[in-house]
Every structure is written in structure tokens, then in C-alpha cells.
Amino acid sequence: KTEYSVDTGLEMAKPLREVTTDGNKRIDIMIESENLIVLIENKIYSSVSNPFDLYHKYALQKAVNTNAKIIEILLTLNKEKDYVESGYEFINITYQELLAKIEQNRSHYVVDEKNKWVVFMDEFISNIKDLQEKQNMEIKNDWQKFLNKNNMDIFDFINKLKLFLFKLLLLK
């Protein structure tokens, strides 16, 4: 993974949601400061089919008169591939990775555990973990159903594979 070290100037950052690009496409989250532009495409249940090239072009236009660093993130519940093309690099970060970093650095930023924003953050973390657990259970159930439905075919395949390997060994 690429580690970024940038003088962010985030104290003056403008976080925006559903930012409309020139091509009338929407960037889920954009955080813009004097030195940094962060694009975040957030995916929980939907598949990845975004015009990352248009998003990158939009960020370049925003950064045209500055030396702002552009960071592009694909935030997903499950691991996806990085979307790297000529000129742009949307790095996949899972919620699990993000939450691990938040929990690792929490003590550096959270002073008052009863602050409403901390409570909201804790609820968000809890909801994401519940979604991950639910999805893992669904995958396990689907796998179990597949095995139950196809167990005879699987056994048949394994026996044929064993026979094939046996014959192959005899040919040596």
C-alpha cells in the first residue's frame, strides 16, 4: 500500500458529498483543502462501474492553479482491485482496513468519549461491522447450500480426478 505524507491543510478542508462532475457524474465524497484533494468512491452493496477517468479529470481541474496532491480512494466492504489507469490511481481500501486505522489512532484524537460526534462514529463503526458479519454469514450460507445441492457431483468429480491422476502416474 502507498503511504501518503502530505501537509494537508485539513483544518480548512471542505468535505463535500455527491459532487457533480462536468460529465454529470457524481463523486461520492470529495475533501478539498489548499494542499490536498481526496476523492472517495464509497461502495457497500453496489458493484464498481464508475467513470474514474472523469473523476480524476475533475480533480485535476480543481487543482489546476495549486500544487494540491490528489488522492483517489475506492472504499469498499470487501476487497476489490485497485483501479489504476493512465493518469489516475483509485486505491482500494476496505472498511475493515479503515476501521483498524481509526481504532489504532483513536486515542490521539478523541478527548471526550461522550461527545456526540464520537457517539456517531462509534455507531457507524458498529453498523459497518454488522454489515460485514451479515455478509460473511450470507456467503457461508450460500456456500453450504451449494455444497448440499451439488454434493454428489462434487464426489463424482473428485473420484474422476483421482482416477485421472492414478492413470497419469501409471504412464510415468
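Here the structure is shown first, and the text comes after it.
Residues numbered from 1 in each chain as written. Predicted model: local features only at pLDDT ≥ 70, side-chain atom pairs only at ≥ 80, totals over all residues. Heavy atoms only, no water.

### Let's talk about unusual backbone geometry
Working step 1: At Glu18, a residue that is not glycine, the phi angle is positive and equals roughly 50 degrees.
Working step 2: For Glu18, the location among the structural elements is in strand β1 (residues 14–20).
Working step 3: Phi at Asn24 takes a positive value of approximately 60 degrees, unusual for a residue other than glycine.
Working step 4: Secondary-structure assignment places Asn24 in the loop between β1 and β2 (26–32). (Helix = DSSP H or I, 4+ residues; strand = E, 2+ residues; numbered from the N terminus.)

### Describing the pattern of salt bridges
Between side chains of opposite charge, a pair can form when the charged atoms approach closely.
Working step 1: One pass over the structure, following the stated rule, counts five salt bridges.
Working step 2: Between Lys43 and Glu41 there is a salt bridge; the shortest N-O distance is 3.6 Å. Here Lys43 matches Glu41 in class, with each residue buried.
Working step 3: As a salt-bridge pair, Lys129 and Glu103 come within 2.9 Å of each other at their nearest N and O atoms. Of this pair, Lys129 sits in helix α3 (residues 116–171) while Glu103 sits in helix α2 (residues 95–109), and the two are 26 residues apart along the sequence. (Salt bridge = Lys/Arg side-chain N within 4 Å of Asp/Glu carboxyl O. Buried < 20%, exposed > 50% of the residue type's maximum accessible area, 1.4 Å probe, protein only.)

### Considerations on α2
Residue pairs three or four apart in sequence face the same way in an α-helix, which turns once every 3.6 residues.
Working step 1: The end-to-end C-alpha separation of α2 is 19 Å, in line with the 21 Å expected for 15 residues at 1.5 Å each.
Working step 2: Maximum bend of α2: about 35 degrees, positioned at Glu103.
Working step 3: Those residues of α2 that fall on the buried side of the exposure criterion are Tyr95, Leu99 and Arg106. (Expected span 1.5 Å × (residues − 1). Bend = angle between axes of the 7 residues up to and from the residue.)

### Let's talk about the nonpolar core
Working step 1: Counting 17 residues, the largest nonpolar core has Ile37, Leu39, Phe52 and Phe90 as the members making the most contacts within it.
Working step 2: Sorting the residues of this core by element identifies β2, β3 (36–43), α1 (52–62), β4 (69–76) and β6 (88–94) as the ones contributing at least two each.
Working step 3: For this core, the element with the most residues is α1, which contributes four residues.
Working step 4: If sequence neighbours within four positions are ignored, Ile37 has contacts with Met30, Ile31, Glu32, Ala59, Lys62, Ala63, Ala68, Lys69, Ile70 and Ile71.
Working step 5: In this structure, Leu36, Ile73, Tyr95 and Ile125 belong to the second largest nonpolar core, which totals 11 residues. (Core = buried A, V, L, I, M, F, W, Y, C linked by side-chain atoms within 4.5 Å. Contact = heavy atoms within 4.5 Å.)

### Quick word on the pairing of β1
Working step 1: Pairing analysis gives six bridges linking β1 to β2, with the strands arranged antiparallel. In the strand pairing of β2, Val19 is matched with Ile27.
Working step 2: Between the end of β1 and the start of β2, which pair antiparallel, lie five residues, with Asn24 showing a positive phi angle near 60 degrees. (Pairing = 2+ DSSP bridges.)

### Observations concerning the sheet that holds β4
Working step 1: Taking strand neighbours across the sheet as the criterion, the six strands line up as β1-β2-β3-β4-β6-β5 in an open arrangement whose pairing is mixed. The sheet is open, and its two borders are formed by β1 and β5 (83–85), each paired with just one other strand. This sheet shows a mean twist of 25 degrees between the axes of neighbouring strands, independent of strand direction.
Working step 2: Where β2 lies against β3, four bridges are found, and the strand directions are antiparallel. Bridge pairing links Ile29 to Ile40 in β3.
Working step 3: Along the sheet face, α1 touches β1, β2, β3, β4, β5 and β6 and points at about 155 degrees away from the line of β3. (Axes fitted to C-alpha atoms, helices over the stretch in contact; angles between N-to-C directions.)

These values are about where atoms sit, not about what they do.
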